[in-house]
Amino acid sequence: MSMPYFAEEIPGKRVIMLGNEAIARGILEAGVVIGAGYPGTPSSEILDTLAKMKPYYPHLNIEWSINEKVGFEVAYGGSMSNARSVALMKHVGLNVASDAFMTACYAGARGGMVVVSADDPNCFSSQNEQDNRYFGLHALIPVFEPSTAQEAKDLIKYAFEFSEEHHTIVLFRTTTRLNHGRGDVMLGEIQNIDRPYGFDWDRARWVCLPSHSRVLRTKLLERFEKISNLADEFPFNSLKLSSEKINGIRYGFIAAGIPYAQLIDTLIDFGLENKVSILKLGMVIPPPKKLIRKLLSSVDKILVVEELEPIIENILKQLAYENKLVNEVEIHGKDYFPQQGEFSGEIYLEKVANFIGIKFEKNSIPDIKISLPPRLPVLCPGCSHRSTFYAITLLEKELKLKFINSSDIGCYTLAVYKPLECVDTEICMGGSIGLANGFAKIHSTENPILAILGDSTFFHSGVPALINAVYNQNNILVVILDNRSTSMTGFQDNPGTGIKITKEPGTRVVIEELVRGCGVPSENIWVEDSNNLNKMVEKLREAVKSQGVRVFISRHLCSLLEEREFRLKQIQIPVVKVDPSKCKGCLICVNQFGCPALSFDSEEKKTNIDQEICRGCKVCISVCQYDAIYEEIN
Amino acid sequence: MVIQINKGLENWIIEKKRFSVLNVGVGGQGIIRTTQILAWAALMDGYQVRTAETHGMAQRGGSVSAYLRFGPEVASPLIPKGYVDIILAFEISEALRVFNFSGPNTYFFVNNKIIIPPMVNQMGFKYPSNENLCQQLKNLLNNIYFFDADKLALKAGTSKALNVVMLGILLGSDKLPIKEDSLQHSILRFIPKKSQEVNRIAFQLGIEKGKSIRRELL
Ligand SMILES: Cc1ncc(C[n+]2csc(CCOP(=O)(O)OP(=O)(O)O)c2C)c(N)n1
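Residues numbered from 1 in each chain as written. Chains lettered and ligands numbered in written order. Predicted model: local features only at pLDDT ≥ 70, side-chain atom pairs only at ≥ 80, totals over all residues. Heavy atoms only, no water.

1. Examining the overall build of chain A
For clarity, the cut-off: Secondary structure elements are taken from DSSP: a helix is a run of H or I of four residues or more, a strand is a run of E of two residues or more, and numbering for both begins at the N terminus. Computation of the radius of gyration draws on C-alpha atoms, with the globule rule given as 2.2 Å multiplied by the number of residues to the power 0.38. Relative accessibility decides the category of a residue: with a 1.4 Å probe and only protein chains considered, values under 20% of the type maximum give buried, values over 50% give exposed, and everything between is partly exposed. When checking whether two residues touch, look at their non-hydrogen atoms; a contact exists if any pair is within 4.5 Å. Exposure was quantified through the Shrake-Rupley algorithm and a 1.4 Å probe, taking into account, for residues, occlusion by the shown protein chains and nothing else.
Scanning chain A from terminus to terminus reveals 21 helices and 23 strands. Relative to the globule expectation of 26 Å for 634 residues, the C-alpha radius of gyration of chain A, 28 Å, shows essentially globular dimensions. Counting only C-alpha atoms and orienting by the principal axes, one finds that chain A spans roughly 80 × 65 × 55 Å. Here chain A holds 634 residues, and 60% of them are scored as buried. Looking at chain A alone, contacts between residues at least 24 apart form 78% of all its contacts between residues at least 6 apart. Roughly 25700 Å² of accessible area belongs to chain A as shown, and the carbon and sulfur atoms make up 51% of that amount.

2. Topic: the sheet that holds strand 15 (residues 404-406) of chain A
Residues and elements named next belong to chain A. Stated precisely, the cut-off is as follows: Any two strands between which DSSP finds at least two bridges are classified as paired. To obtain each axis, a line is fitted to C-alpha atoms, and for helices this fit is confined to the stretch in contact; angles are then taken between N-to-C directions over 0 to 180 degrees.
Spatial strand order, 15-16-17-19-18: five strands in an open sheet with parallel pairing. Two strands close off the open sheet at either side, each with one partner strand: strand 15 and strand 18 (525-529). Neighbouring strand axes in the sheet, compared pairwise and without regard to direction, differ in orientation by 20° on average. Looking at chain direction, strand 15 and strand 16 (residues 449-454) are connected through three bridges and run parallel. Across the sheet, S406 pairs through a bridge with A451, a residue of strand 16. Lying on the sheet, helix 14 (residues 384-399) is in contact with strand 15, strand 16, strand 17 (477-482) and strand 19 (550-555); it crosses strand 17 at an angle near 150°.

3. Here's the deal with the sheet that holds strand 3 (residues 61-64) of chain A
Residues and elements named next belong to chain A. In space, the seven strands of this open sheet follow the order 3-2-4-5-7-6-12, with mixed pairing throughout. Every interior strand has two partners, whereas the edge strands, strand 3 and strand 12 (283-285), have only one. Both strand 2 (residues 34-37) and strand 3 contribute to a ladder of four bridges, which runs parallel. Residue pairing in the sheet places I34 in a bridge with N61 of strand 3. Running at roughly 165° to strand 4 (residues 85-90), helix 3 (residues 68-80) makes contact with strand 2, strand 3, strand 4 and strand 5 (113-119) of the sheet.

4. Thoughts on the packing of helix 15 (residues 431-442) of chain A against helix 16 (residues 455-472) of chain A
All names here are of chain A. Heads up, the condition is: Note that the term roughly parallel is reserved for angles under 35 degrees, roughly antiparallel for angles over 145, roughly perpendicular for angles of 65 to 115, and oblique for everything else. With the far helix as reference, a near helix turned anticlockwise by less than a right angle produces a left-handed crossing, and one turned clockwise produces a right-handed crossing.
For the pair helix 15 and helix 16, the least separation of the axes is 7 Å and the interaxial angle reads 20°. One finds that helix 15 runs roughly parallel with respect to helix 16. Here helix 15 and helix 16 pass one another in a crossing that is left-handed. Here I433, G434 and N437 of helix 15 come into contact with helix 16, specifically with F458, G462, A465, L466, N468 and A469.

5. As for a positive patch on the surface
Worth spelling out the cut-off: Only residues above 30% relative accessible area that lack a salt bridge enter a patch, with like-charged residues linked at up to 9 Å and the nonpolar side chains Val, Leu, Ile, Met, Phe, Trp and Tyr linked at up to 5 Å. The term salt bridge refers to a side-chain nitrogen of Lys or Arg lying within 4 Å of a carboxyl oxygen of Asp or Glu. Counted as positive: Lys and Arg. Counted as negative: Asp and Glu, with His and the chain ends omitted from the count. By convention, charge coordinates are those of NZ in Lys, CZ in Arg, CG in Asp, or CD in Glu.
Judged by side-chain charge, A:R564, A:R567, B:K160 and B:K194 come together as a positively charged surface patch. Along the polypeptide, B:K194 turns up in the loop between helix 7 (180-189) and helix 8 (196-217). Note on B:K194: relative accessible area 75%, which makes it exposed.

6. Section: the packing of aromatic side chains
To be explicit about the condition: The rule is short: rings of Phe, Tyr and Trp, with Trp giving its six-membered ring, pair when the centres are within 6.5 Å, and they are stacked under 30 degrees, edge-to-face over 60, tilted in between. Here, a charge over a ring means that NZ of Lys or CZ of Arg falls within 6 Å of the ring centre while also lying within 35 degrees of the ring normal.
The tally for this structure, following the rule as stated, stands at 27 aromatic pairs over all chains. When the ring of A:F343 is compared with that of A:Y348, the centres are 5.9 Å apart and the planes differ by 70°; the resulting orientation is edge-to-face. On the accessibility criterion, A:Y348 (0% relative accessible area) is buried. Judged by centre distance (5.3 Å) and plane angle (40°), the ring pair of B:Y47 and B:F70 falls under tilted. One end of the pair, B:Y47, is in the loop between helix 2 (31-44) and strand 2 (48-53); the other, B:F70, is in strand 3 (residues 63-71), with 23 residues separating them in the sequence. Like B:F70, B:Y47 is buried. Among the aromatic residues, ring-to-ring pairing joins A:F72, A:Y76, A:F101, A:F135 and A:W206 into one connected group. The ring centre of A:F491 lies 4.9 Å from the NZ or CZ of A:R564, which sits over that ring. Above the face of the B:W40 ring, B:R189 is positioned so that its terminal group lies 3.5 Å from the ring centre.

7. Observations regarding the site of the ligand
All names here are of chain A. Just so we agree on the cut-off: Residues are classed as near a molecule or strand on a simple rule: at least one heavy atom within 4 Å of it. Here a polar contact means two N or O atoms within 3.5 Å. Within protein one must be a hydrogen donor candidate and the other an acceptor candidate, and residues neighboring in sequence count only if both atoms are side-chain atoms. Just so you know the grouping, Ala, Val, Leu, Ile, Met, Phe, Trp, Tyr, Cys and Pro go in nonpolar, Asp, Glu, Lys and Arg go in charged, and all remaining residues, Gly too, go in polar. Residue ranges for the domains originate in an automatic or database domain assignment.
Surveying the vicinity of the ligand reveals 26 residues, the closest of which are E68, H385, D455, T457 and S487. One of the backbone nitrogen or oxygen atoms of S456 is found 3.0 Å away from an oxygen atom of the ligand. Against a free-state accessible area of 590 Å², the protein chains account for coverage of 98% of the ligand. Secondary-structure elements contributing two or more residues to the shell around the ligand are helix 4 (91-107) and helix 16. For the shell around the ligand, the element with the most residues is helix 16, which contributes four residues. Within the shell around the ligand, the residues separate by chemical class into nine nonpolar, 14 polar and three charged. Here the shell around the ligand spans two domains, since at least three of its residues come from each of domain 1 (5-233) and domain 3 (384-566).

8. Section: the packing of helix 2 of chain B against helix 7 of chain B
All names here are of chain B. Their axes nearest at 8 Å, the elements helix 2 and helix 7 cross at an angle of 135°. Considered as vectors, helix 2 and helix 7 are oriented oblique to each other. For the pair helix 2 and helix 7, the sense of crossing is right-handed. Contacts between helix 2 and helix 7 involve I37, L38, W40, A41 and M44 from the first element and S182, L183, H185, S186, I187 and R189 from the second.

9. Observations concerning the pairing of strand 8 (residues 182-186) of chain A
Residues and elements named next belong to chain A. With four of five residues buried, strand 8 is to be regarded as a mostly interior element. Across five bridges, the pairing between strand 1 (residues 14-18) and strand 8 is antiparallel. In the strand pairing of strand 8, I16 is matched with D184.

10. A short note on the interface of chain B and chain A
Counted only if it meets this: By buried area we mean how much accessible surface two parts lose on assembly, using a 1.4 Å probe and totalling the loss over both.
Contacts between the two partners involve 62 residues from chain B, matched on the other side by 54 residues from chain A. Between chain B and chain A, a total of about 5200 Å² is buried, with carbon and sulfur atoms accounting for 59% of that surface. Linking chain B to chain A there are eight salt bridges. Measuring nitrogen to oxygen at the nearest pair gives 2.6 Å for the salt bridge that ties B:E53 to A:R182. Where chain B touches chain A, the interface holds 19 residue pairs in polar contact (both at pLDDT 80 or more). At the level of elements, helix 2, strand 2, strand 3, helix 3 (92-97) and helix 4 (130-140) of chain B are the ones that each hand at least two residues to the side of chain B that touches chain A. The element that contributes the greatest number of residues to the side of chain B that touches chain A is strand 2 of chain B, accounting for six residues.

11. With respect to the side chain of A:S530
Residues and elements named next belong to chain A. Take S530: it is sitting in the loop between strand 18 and helix 18 (533-545). One polar contact links S530 to S554, side chain to side chain, over a distance of 2.8 Å. Of the polar contacts made by the side chain of S530, one reaches the backbone nitrogen of H556; its length is 3.4 Å. Other than its neighbours up to four places away in sequence, S530 contacts S384, S387, T388, M536, S554, R555 and H556.

12. Notes on the nonpolar core
As a reminder of what qualifies: Working definition of a nonpolar core: buried Ala, Val, Leu, Ile, Met, Phe, Trp, Tyr and Cys residues. They are joined through side-chain atoms within 4.5 Å.
Membership of the largest hydrophobic core comes to 95 residues, with the highest contact counts inside it found for A:I27, B:F109 and B:L183. Ranked by the residues each element gives to this core, the list is headed by helix 2 of chain B, at nine residues. Of all hydrophobic cores here, the second largest spans 77 residues; its members include A:V479, A:V549, A:V590 and A:A597.

13. Focus on the confidence of the model for chain B
Residues and elements named next belong to chain B. Note the cut-off: One number per residue, pLDDT, summarises how confident the predictor is, and it ranges from 0 to 100.
In this model, chain B carries an average pLDDT of 89, and 90% of its residues clear a pLDDT of 70 or more. For the stretch residues 1-14, pLDDT sits under 50, and the model shows 34 contacts to residues farther than four places along the chain or on other chains. Interface confidence for the predicted complex, given as ipTM, is 0.94, next to a pTM of 0.96.

14. A few points about the domain arrangement of chain A
Interface size, as often reported, equals the accessible area lost upon joining of the parts. All names here are of chain A. Here the domain parsing of chain A yields domain 1 (5-233), domain 2 (238-356), domain 3 (384-566) and domain 4 (572-632). Centre-to-centre separation of domain 1 and domain 3, based on C-alpha positions: 33 Å. The partner domain 3 presents 15 residues to the 17 residues of domain 1 that form the contact. Around 1200 Å² of area is buried between domain 1 and domain 3 when both sides are counted, 65% of it from carbon and sulfur atoms. When the buried area of domain 1 at its contact with domain 3 is split by residue, Y38, I66 and Q127 rank highest and sum to 40% of it. Counting across the domain 1 and domain 3 interface gives four residue pairs in polar contact (both at pLDDT 80 or more). Of the residues contributing to the side of domain 1 that touches domain 3, the split by class is eight nonpolar, five polar and four charged.

This is the structure:
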């Protein structure tokens, strides 16, 4: 195989890169040694790309860690050992890592240490849209934010140097459109860091007990102050002043990240790019005070263009007060732009026009309401999760009990939709078991409490909550949907598969053994093939009716991976068909099981199987009560 | 930077400084790949390029859209409603979902194929028919063209060549300011050796279809 374009050693070559590839490239160019993280959209492709670079750059020592906290700690261990290190995660991952992160920021970095947080305004694929720039203010470390793929590569490369020079951890914040957008990038030099790595036994720094932490805190404040003073010279910050007036008023703008890029194009559209002052931030925290003061005293009205929280806007207002400029300059932000979601292209046109008082007529055709049902993502044909959820719905009906299905984050969350409607809660990873512990304290056996979560999620943060249930004797049934993959985020391996990110063999952690080790007695542990529906129902019935902490492991390879495996091994996918003479048109398979490969011919009143998308899981054969679905053997 | 522009579109692109394409369809149809191919082709023509894409849920059958902008000077990927030059829709209902991105100068190319989302009926919705969607779109828009690209892909030899047919149509229509050479090179970049012949045919079939659309335009 030829070397992928993002790994080539040809400085100056221009290529198209996904934002996440550009970040990976910057990490490579910076001579980083340790990379660790946990998958999460929109960040996952960064480590995936580093894994593809690894064969050509064996010094890269990367891993998918068990969760973001451990991933952060792995990277930080690297930094303590003088190696450039990076921790990668989505925005909510930093919540998980924050315990380590908040105190590590006191001790700071030895080898350059960068934490990448991929934020997700608009919740494209997240449970919330928190603004992680706050973490910089919270932990007193600098936050860098790139506005293009090129800048992402250059800025993260620089971040490691900066981190080492100032002994600070750097938070590198991106948003979805940067991560999942492509841009032209010029490849740079791949640095060779030639220095010994190893731990230094500096206990006064690395042992954060109170007497040390007080000292470290003083140093942290000094460090942040110093960085704050340097912000004015930061190479990725720039102030472009214009003394031009528009209708007698001088206008200024501040922006960073994708909003900066979008703002620039908008100003160009209006022919205003040289008629207004613009402060571009590459380091958003701490802000460059002198540049801001200069801007405040050079214009009459400023618009801060930032998605989500008014962080820069509030800082600006504070600085205006401190500089006694409150009466000289108007500061705007959230009175123009929303505090929620992503700003669309037309919002920029509209708000900038509004702000400057120019006439702007929408170009688009009238926005007529169209009625078109949504195209929601669904569980794939042949998805083993569907089979497990279907078994649960059958049991609920049979036992005439209302289950509380405390669930979690993964592909299986899609079972919230019709027809399965088997997901009652989803807050955060691992939350299914934690919440179930609480429900168990309120509800009696009238409402069996199920905690339903995936294999990767169980390893990520389900384990402590399971131990909690054992210890405190909270009566719950944990259902682990073990599809041998972290599917939702792109099929990453996990301890249950025992394969490492490099595809080399690691040590497999067997879920049933782990569960036993958590104190769940053997008679309370079941392991079944998810796609054997009849057996699933029988054994799940047993599990639901038993008492105590129980764990039911429903195991079957993710159908997308199974299809790949079949193709690779040239195994014929089973052909499943409907015998129209036996199909009664009861619609149970279509309306209650709901595999996308099944449809109903309303004229013939028979079920059809779409052979194009059927993956031959054969579960619908058991779903049909009239033996009308069969496997064709030839 | 040397600006290379073909086919008499100079005024258009220089005045606008950038050219915008919106690709839409359903997960699995190759929307992201198509966008990637266009991005590399634009790079070969010497332009700055930006895209923004839907990732993640794509394989779960959801709606997928991808923005592409290129030109001598472009900073950001998102296209304001009303300012798209070309909308390339791989599926007809997905075309309707983004109709309001088009403005007076937008050309709308629609693969006349409907993919009914699974479970819509069970959710209590009724999905409109192909004809109905076609009519709605025609009522709303002027520069809109329908064709059956899936059929052309099959004719070339594989349904998987759908995106290459679509690219051919775009090129043949003469509305895309990218050189044929660059596009062809870029396509080859993403096609495994063994499928190159099929895709070459698919590309030609697409170009011919595009040319017939172009005659309609004149
Ligand atoms: C703290 C945190 N980290 C990462 C994610 C992103 N994420 C969503 S689902 C998921 C993985 C789910 O894998 P698994 O539990 O095995 O279920 P599957 O998708 O395979 O069904 C991840 C990593 C998240 N939402 N929150």
